[in-house]
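# Structural characterization, general
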Amino acid sequence: MTSPAPTPPPLEVEVAGDVSNVTAEWCPDCKAYTLLTGETVLLTPGGVVPVGFWAWCETCDMAEEEPSRV
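Heads up: these notes are all about the structure in this document. Everything numeric here is computed off the predicted structure, so don't read it as measured data.

This part covers the overall build of the protein. Along the backbone of the protein there are one helix and three strands. Helices (α) and strands (β) of the protein occur, in sequence order from the N terminus, as β-β-β-α. The buried share of the protein, reckoned over its 70 residues, is 13%. Counting only contacts in the protein whose residues sit at least 6 apart along the sequence, the fraction spanning at least 24 positions is 27%. For the protein, the accessible surface area stands at approximately 6,100 Å², while carbon and sulfur atoms represent 60% of it.

So this is what it looks like as structure tokens:
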């Protein structure tokens with residue numbers, strides 16, 4: 001009977017998240033140029049990897065974050 005091969009040590013890689021290509025756009029909900037959009041990227045030793053997009057409206061999204069009054 002042969003013994004299984006030893007497990008290699010875990011690979012340690014530093015990765016950081018960031019955003020790129022941030023632009024201001026027209027928000028169809030509040031009818032103003034308050035919508036920020038951008039691309040979410042990972043910064044790795046091998047380069048920049050795009051992972052998705054995000055959008056945030058300073059008017060619409062701030063209204064959702066206001067504390068409720070009791």
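The next point concerns the side chain of T37. Residue placement: T37 occurs in strand β2 (residues 32–44). A distance of 2.9 Å separates a polar atom in the side chain of T37 from a polar atom in the side chain of E25. Once residues lying within four places of it in the same chain are set aside, the contact partners of T37 are N21, V22, T23, E25, W54 and A55.

As a further point, take the packing of aromatic side chains. Within a pair of aromatic rings, the relevant descriptors are the distance that separates the centres and the angle that separates the planes. In total, this model carries one aromatic pair according to the counting rule given. Relative to Y33, the ring of W26 has its centre 5.2 Å away and its plane inclined at 70°; by these criteria the two rings are edge-to-face. For Y33, a relative accessible area of 60% translates into the label exposed.

All right, on to the sheet that holds strand β1 (residues 16–27) then. Read across the sheet, three strands follow the order β1-β2-β3 without closing on themselves; strand pairing throughout is antiparallel. For this open sheet the edge positions go to β1 and β3 (47–57), each flanked by a neighbour on one side alone. For this sheet the average axis-to-axis angle between neighbouring strands, irrespective of direction, equals 20°.

Criteria and cut-off values
- Counting restarts for each chain, with residues numbered from 1 along the sequence as it is written.
- Predicted model: local features are reported for residues with pLDDT of at least 70 only, side-chain atom pairs are reported and counted for 80 or more only, and whole-chain, interface and lining totals are derived from all residues.
- Computation of side-chain values covers all heavy atoms of the structure but excludes hydrogens and water.
- Comment: elements are numbered from the N terminus, with helices defined as DSSP H or I runs of at least four residues and strands as E runs of at least two.
- Burial classes follow relative accessibility: with a 1.4 Å probe on protein chains only, a residue under 20% of its type's maximum area counts as buried, one over 50% as exposed, and anything between as partly exposed.
- Should any heavy atoms of two residues lie within 4.5 Å, those residues are considered in contact.
- Values of accessible area rely on a 1.4 Å probe in the Shrake-Rupley scheme; residue burial ignores everything except the protein chains shown.
- Polar contact is the term for a pair of N or O atoms within 3.5 Å; when the atoms are in protein, one must be able to donate a hydrogen and the other to accept it, and sequence-neighboring residues count only if both atoms are side-chain atoms.
- Pairs were defined over the aromatic rings of Phe, Tyr and Trp, the Trp ring being its six-membered one, requiring ring centres within 6.5 Å. Orientation was assigned from the angle between planes: stacked under 30 degrees, edge-to-face over 60, tilted for the rest.
- Two strands pair if DSSP finds at least two bridges between them.
- Lines fitted to C-alpha atoms define the axes, with helix axes restricted to the stretch in contact, and inter-axis angles between N-to-C directions lie between 0 and 180 degrees.

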